[in-house]
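What follows is the residue order along each chain.
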Amino acid sequence: MLLINMAPSLFVRRALPILISILMPGWIFSQVSDSLLSIQKLKNLSLDELMNIEVISVSRQSEKLAEVASAIQVITNEDIQRSGATRLPEALQLVPNLQVAQAGSASWAITARGFNGAPISSLTLANKLLVNVDGRSIYNPLFGGVQWGVQNVLLEDINRIEVVSGPGGTLWGANAVNGIINIISKSSKETQGLYVSGAAGSFLQDFGGLRYGGHVDSNIFYRVYLQRYDQNSTDLANGLSNKDAWNMTQGGFRSDYYQSKRNTLTLEGDFSEGYYGTADPTKINSQDILARFAQVYSEKSNLSIQVYFDHDYRNSPSQLFNQDLKTFDLDFQHSFSLGNKQSIVWGGGYRLMNDYEGNSAYLSFIPASREIPIYSAFVQDGIELLPKLLKLTVGTKLLDDFYTGFDLQPSARLAWTKDEHQTIWAAVSQAVRTPSRWDEDALIPGIVVPTQSAKLEKVIAYELGYRLTPTPKLLVSFATFYNHYDNLFSLDYNLNTNPKTYFANDLLAETWGFEFSGNYQVMEKWRLRGGYTYLSENFWYANANVVPGTELLESNDPKNQITLQSILDLPRNFQFDVVGRYVDVLETKAVTILAPAYATFDVRLAHQFKQVEVALVGKNLAQSTHTEFGAAEIPRSIFAKITCRF
Amino acid sequence: MQVLKTKFHTGLLLFLLLCSWSMPAQTPPNREYQVKAAFLFNFAQFVEWPPAALPELSTPLVIGILGEDPFGSYLEAIISGEKINGHPLKVEHYRSLEEVKTCQILFLNITEPKKLGQVIASLKGRTILTVGDAPDFIQEGGMIRFFIGNNKIQFQINQEEAKSQRLIISSKLLRLAKTEGPGKK
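Residues numbered from 1 in each chain as written. Chains lettered and ligands numbered in written order. Predicted model: local features only at pLDDT ≥ 70, side-chain atom pairs only at ≥ 80, totals over all residues.

1. A look at the overall build of chain A
Item 1. Looking only at helices and strands, one finds eight helices and 35 strands in chain A.
Item 2. Considering only contacts in chain A between residues 6 or more positions apart, those separated by 24 or more positions represent 61%. (Helix = DSSP H or I, 4+ residues; strand = E, 2+ residues; numbered from the N terminus. Contact = placed C-beta atoms within 7 Å.)

See the structure below:
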């Protein structure tokens, strides 16, 4: 009897999140199932219309990606539209294998498999994730992460977001230590016509979006877009405003020229301008332009050459981190078959970053300006050991980093496709994070002077995964990992020097965990997707010089996390969608980051009438406010949105 | 009795579990074959057969499938209740070449080029519109080949073959056909 009485409390505290995820059938994985098309609709379509139906759904494409055996999850345009997300980081909250925490009105901490570093000023030092927007890296060499506050794309025009948790060093380059996010926009051919959308609400004050897609002839397509956000401040626990309201205006274009069946030329560019914070706002502006030439001979043989230029500017007289960054990047990639059992992908890249830091009395970077060239090359061989059954993929990236020199990032991945419903895969890989200017050049008076001897952070990752599609309506994936990290960034001390502390690479870590995700078409009009992630982290120091607690600069992560999205079509063209999230406590010594466990949910109710869609969205409805990362209280909020598509 | 009942329940559960995990034949066709089924229905409307092939109004226009059926019941659902120029539509399944009876459209689910060539050659003279999606389908003498380009279903047409079988393919269909697919060298 005593046992039974004790059980519930234990149960609730530890086992409940795990148990729920096992009992509830529909979590888990974020691929789109091949939904059945309505027969009546299909037979009434004209030939031209039939030829315009996409038949390779994202799931098939990602299955192709999955052949290289990695923990990939994909969210589609529909998943995003049906969630009520208005910005990119909100869309990323839908991906079960990402840890996404809102640290302020415009500030986000986003990582995979842990390592959301402590925020410094408004930047969170999560630096082990690589993020590409249509092939353009949004990596910032200042701190090695992403300034999520300024990353906005028109969500309407996103095709899908692919998230690989685990190292992707071989194909994707440096800093894909814990994962890669690929944001892939629709081609301009897929975004023909006019889209107009406006929203107004309590936290999201207002949003406006406009896009027009047209064509010059049957081979040249284009679109132009413009969007604007105004978002209110978060509050602090004492009731005062966090003064982090912001606004942003962004526009851009994309054009695709289908020169022939094989050759496509894409040109795209964006500009943005925004103000962050109410008192003495930080001014941000950016411009980028990208050109890509792709030649496709067959599924396994293609060539792509890409060049882009990106300029990011950030300035605030009183804040830290004023930056003027120019990035030039040239990449090519070629894939071909060697015999009928091997497919080779190889390529190379050159990146030149010209970074200027506006120094202040509290923080400066020596030298203020740096020109940072990075050369890289990669080769990967996919070998069919047993046709359609067993595939081995081996490869390596070769990187010549500006700070640390030449390095290899090898990986080996084995996929066993048991039958068309099941794949089991295993991988061992090494990936590196190259030093950022923060590691190398930072001068904080009285605390650190530039080391200029930062080392590559290294991870060796062991992964095992299982993917199951028992019926076309259910996709389940399970991935587990063990990571060993060397040379992690640390703060060390030496009592005989002045200042007494310095940046070093004396932190070590091992992490393990698992990611469970799925997508379940419960019935024709109801789909569930989501996942559960467990993460365990253990840190230790290479020597006695390390300042105790240094790991909080690297890692403030929840152990358990659950994401669940329900997408439901109601009669009379109504839609009712819910996103629920549970995030475990951030057990950290940094009281400023500490956040208790929370569970909350968003609700979206929409009605479609011909070309017009009206939606009412409530976000974070469970509590009046909650904290996710640091002091900013994320409020319960609502907004109404009207969207027209012509 | 109670024990028996429990056993029965366990057995039922086990059975349901096994069923749901091992029935690829019963799963609905994927999107690709749903759309291809709709194309087959469309082909029936845009191809003209010689009068001898469909002598009477009551003669059904038969869409045959040779080899494993990738459409499930989808093709039947699409054509159900439809008529083309007064002819009702009918789907027939053939496991082997010998079983192929009178049909107007034949979907050949055969990938092996050698076998494909033999089958197509032996169908000559029967005014059958041959459709398939094997990479070598056109080279082996097939008339309409599906392929996937830009994630969408496209098709190429071998007009000479169709003409030689006295089939008239409408100009609309010809206009939408691609001259070559990625599988053609």
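2. Observations regarding the sheet that holds strand S8 (residues 158–165) of chain A
All names here are of chain A.
Item 1. Strand order across the open sheet formed by five strands is S1-S8-S9-S6-S7, with mixed pairing between neighbours. Both edges of this open sheet fall to strand S1 (71–76) and strand S7 (136–137), since each of them pairs with a single strand only.
Item 2. The pairing of strand S6 (residues 129–133) with S7 spans two bridges and is antiparallel. When the bridges of S7 are listed, Val133 appears paired with Arg136. (Pairing = 2+ DSSP bridges.)

3. Some points on the pairing of strand S6 (residues 129–132) of chain B
All names here are of chain B.
Item 1. Residues Leu129 and Val131 line one face of S6 and the alternating positions Thr130 and Gly132 line the opposite face, and both faces are buried.
Item 2. Relative to S6, strand S5 (residues 105–108) is paired through four bridges, and the arrangement is parallel. Residue pairing across strands places Phe107 opposite Val131, the latter belonging to S6.
Item 3. The parallel pair S5 and S6, bridged by helix H4 (residues 113–123), forms a crossover whose chirality is right-handed.
Item 4. Sheet analysis places S6 next to strand S7 (residues 144–149), joined by two bridges and oriented parallel. Within S7, the residue paired with Val131 across the bridge is Ile144. (Buried ≥ 20, exposed ≤ 12 C-beta atoms within 10 Å, placed from the backbone. Right-handed = clockwise from strand over helix to strand, strands pointing away.)

4. Focus: the confidence of the model for chain A
Residues and elements named next belong to chain A.
Item 1. Looking at chain A as a whole, its pLDDT mean stands at 84, while 88% of the residues score no less than 70.
Item 2. Segment residues 1–36: pLDDT under 50, and 72 contacts once partners within four positions in sequence are set aside and those in other chains are kept.
Item 3. Here residues 56–63 is a poorly scored stretch, pLDDT under 50, and it has 20 contacts once near neighbours within four places are set aside; other chains count. (pLDDT = per-residue confidence, 0-100.)

5. As for the pairing of strand S29 (residues 560–570) of chain A
Residue and element names in this part refer to chain A.
Item 1. Examined bridge by bridge, strand S28 (residues 526–541) and S29 share nine bridges and lie antiparallel to one another. What sits directly across from Arg529, in S29, is Gln565.
Item 2. What sits between the antiparallel neighbours S29 and strand S30 (residues 574–583) is a turn of three residues, in which Arg572 has the positive phi angle 60°.

6. A short note on the sheet that holds S7(B)
Residue and element names in this part refer to chain B.
Item 1. One open sheet holds the seven strands; their spatial order is S3-S4-S2-S5-S6-S7-S8, and the pairing between them is mixed. With one partner strand each, in any of the chains shown, strand S3 (83–84) and strand S8 (152–157) form the two edges of the open sheet.
Item 2. Here two bridges tie S3 to strand S4 (residues 87–94), and the two strands are oriented antiparallel to one another. The residue of S4 that forms the bridge with Lys83 is Pro88.

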